Amino acid sequence: MNMGLGLYQEQTLKLVMTPELRQAITILQFSAIDLMNYLQEQAIENPVIDLQEIAVAQEPLPVDKREKSLDFDWKELLNNPGHNDFSVNRDESAYNPLDYVSDTRTTLFSHLEEQLGYVKRLTPVQRQIAQYIIGNLDERGYLEVPVTDIKERLGVDLEEVEDVLRVIQHLDPAGVAARSLEECLLLQLEHEGQDDEHIVEVIKHHLVDLANNRFGKIAEQLHISVGDVQRIADLVRTLNPRPGVAYSSADIRYIVPDVTVEKVMGEYIVIVNDSSLPRLSINPFYERMLKEKTEKDEARQFVHEKLNAAVWLAKSLEQRRMTLLRVTQAIVDLQNDFFEKGIHYLKPMTQKDIAERVQLHESTISRATSNKYVQTPRGVFELKYFFTSALSTASGEAASSESVKKRIKAFIDKEDRNKPYSDQKLAELLEKEGIEISRRTVAKYREEMLISSSAKRKRFL
């Protein structure tokens, strides 16, 4: 065997990730809101692209025309600003529901500061202390800065800091400016006039036992009945452990469905929601530049490259739309019983099932359904919601994990609170309905639904 060095010619096949392919994959993964931001970024980077908002949408294309839409002239699309064949059907008005969402700029700081303005007999120094305290409250409404640090920072007496803190703790919301969970709950009880000695004792020394439903232990130590402990637990659970969250300045996230499923004359029609996206068109200045031959070759070459990039962007958008349409239609066809009868009829389905049905790769199905939402007559769902694992039944058929979770929740909702079902009992009830499931699987599904164990669900009244 020749092991020497030399030059050889060899033919090989390699998959090359071109920039255009990378762009198409990236666009496919974007949700409606992310895609809107991406288009705005592309318009900034590419001067040839003009984005035009859609005021009035037209009727959606018939299904047969959608299948042929991949063959249309992309340059003609870019040169036609009024072309709008690919928008989703909406009301004829330019109504935007987000325009009617109330403004929530009131922060906890401004809310407390406004109330302090109505408090009389506060000296300038005390008002300075109050401003410092409310400025150091966290998003839960708790004061995590020790009062001794406030005293040293402002150079005031510790007693004066305590007095001002007490004033703030009597403001709305109840429980604000507490230094611990126990103090927060006690402040709310004081505000409601529910400061019974047993309740106070439970909050101060038995919160962990209360959270774990160890009512017998609490009753024995306080020399009261288990029923009394249950009443205390019910009262404590009505209190708010994070009073400042209502004034949190966190951004509110809205879900914009990427696809809409509507029932029309007994059939479910899939419509891609691209009405919120701006339309792509060529900037008239650069369009004239290409037609005129007086420009320098370098300028014409630059504009030509940017135009090609715009064409590829438009093509990637259409590929995304067609892929979403095909994938969602396949999901609707396979899950028709779910749309007709409800979650109990949700069938087990994998990405492989959809990939084989639409003749695409599983990775493409994963990207097409990632972070995408569909609006249906039964509500708004994430597309990945429909991909569920299978559980065997006595009849030999399969049941989806989501439908089994729904059955488990239905059993728990109807159980006797004094004798809640154990996980083993739930498994036996499901077996009677023909669903073969282990106790450990029941426990797993119950925890995924954030439902406590039978010991913590038990009541003593």
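This one's a predicted model, so the numbers in the text were calculated from it and none came from an experiment.

Let's shift gears to the overall build of the chain. Counting secondary structure elements, the chain contains 22 helices and 8 strands. For the chain, the proportion of its 461 residues judged to be buried stands at 38%. Sequence-distant contacts in the chain: of pairs separated by 6 or more residues, those separated by 24 or more amount to 66%.

One way to put it is that helix H6 (residues 124–135) packs onto helix H8 (residues 158–169) with a least axis distance of 9 Å and a crossing angle of 65°. Of the two elements, H6 crosses H8, and the hand of that crossing is right-handed. Residues Val125, Gln126, Ile129, Ala130, Ile133 and Ile134 of H6 lie in contact with H8, whose contacting residues are Glu160, Val161, Val164, Leu165 and Ile168.

Bringing the pattern of salt bridges into the picture now. Applying the stated rule across the entire model yields 20 salt bridges. Across the salt bridge formed by Lys347 and Asp337, the nearest N and O atoms sit 3.7 Å from each other. Residue Lys347 is found in the loop between helix H16 (336–341) and helix H17 (351–358), and its partner Asp337 is found in helix H16; the two are separated by 10 residues along the sequence. Lys405 is paired through a salt bridge with Glu402; the nearest N and O atoms lie 3.8 Å apart. Note that Lys405 and Glu402 are positioned in helix H19 (residues 401–414) at a spacing of 3 residues, about one turn of the helix.

In regions of low pLDDT, the predicted coordinates are not meant to be interpreted in detail. Of all residues in the chain, 83% have pLDDT values of 70 or greater, and the mean over the chain is 81. Confidence over residues 55–72 falls short of pLDDT 50; this stretch has 35 contacts with residues more than four positions distant or in other chains.

With that out of the way, let us pick up the nonpolar core. By size, the foremost hydrophobic cluster in this structure holds 28 residues, and its most contacted members are Ile331, Phe338, Ile354, Ile365, Val374 and Phe386. Put simply, the parts of the chain that give this core at least two residues each are strand E2 (259–264), strand E3 (267–272), helix H15 (297–334), H16, H17 and helix H18 (362–369). Tallying contributions element by element places H15 first for this core, with 7 residues. Counting 21 residues, the second largest nonpolar core, distinct from the first, contains Leu116, Ile129, Leu143 and Tyr247.

Okay, H6 next. Taking 1.5 Å of rise per residue, 12 residues should cover 16 Å, and H6 covers 16 Å from first to last C-alpha, within 8% of that figure. Among the residues of H6, those classed as buried are Gln126, Ile129, Ala130, Ile133 and Ile134. Looking straight down H6, one finds that the buried residues subtend no more than 125° of arc, so they occupy a single side. Summarising the contacts, the buried residues of H6 are in contact with helix H5 (108–116), helix H7 (147–154) and H8.

With that out of the way, let us pick up the packing of aromatic side chains. If you walk through the whole model with that rule in mind, you get 10 aromatic pairs. An angle of 75° between the planes, with centres 5.2 Å apart, marks the rings of Phe338 and Phe339 as edge-to-face. Phe339 gets classed as buried once you look at its relative accessible area, which sits at 5%. Between Arg140 and the ring centre of Tyr142, over which it is positioned, the NZ or CZ distance is 4.3 Å.

Take the side chain of Gln188 next. Locating Gln188 in the fold gives a position in helix H9 (residues 181–192). For Gln188, the residues in contact, after removing those within four places along its chain, are Ala174, Gly175, Leu239 and Asn240.

A few words on the side chain of Thr388. Turning to its location among the elements, Thr388 is positioned in the loop between strand E6 (379–382) and strand E7 (390–392). Not counting chain neighbours up to four residues away, the residues in contact with Thr388 comprise Leu346, Lys347, Pro348, Met349, Ser400, Ser401 and Glu402.

Let us now look at the sheet that holds strand E5 (residues 373–376). If you walk across this open sheet you meet the 4 strands as E3-E2-E5-E6, and the pairing is mixed. The sheet is open, and its two borders are formed by E3 and E6, each paired with just one other strand. Averaged over all neighbouring strand pairs, the angle between strand axes comes to 25°, with direction disregarded. The sheet contacts of H15 involve E2, E3 and E5, and relative to E3 the element is tilted by about 155°.

Pairing analysis gives 6 bridges linking E2 to E3, with the strands arranged antiparallel. Within E3, the position partnered with Thr260 by the bridge is Ile271. Counting the residues between successive antiparallel strands, the hairpin from E2 to E3 contains 2 residues, one of them, Met265, with a positive phi of roughly 55°.

The rules behind each value
Residues numbered from 1 in each chain as written. Predicted model: local features only at pLDDT ≥ 70, side-chain atom pairs only at ≥ 80, totals over all residues. Heavy atoms only, no water. Helix = DSSP H or I, 4+ residues; strand = E, 2+ residues; numbered from the N terminus. Buried < 20%, exposed > 50% of the residue type's maximum accessible area, 1.4 Å probe, protein only. Contact = heavy atoms within 4.5 Å. Axes fitted to C-alpha atoms, helices over the stretch in contact; angles between N-to-C directions. Left-handed = near helix turned anticlockwise from the far one by under 90°. Salt bridge = Lys/Arg side-chain N within 4 Å of Asp/Glu carboxyl O. pLDDT = per-residue confidence, 0-100. Core = buried A, V, L, I, M, F, W, Y, C linked by side-chain atoms within 4.5 Å. Expected span 1.5 Å × (residues − 1). Arc of directions from axis to C-beta. Phe/Tyr/Trp six-rings, centres within 6.5 Å; stacked < 30°, edge-to-face > 60°. Lys NZ or Arg CZ within 6 Å of the ring centre and 35° of its normal. Pairing = 2+ DSSP bridges.

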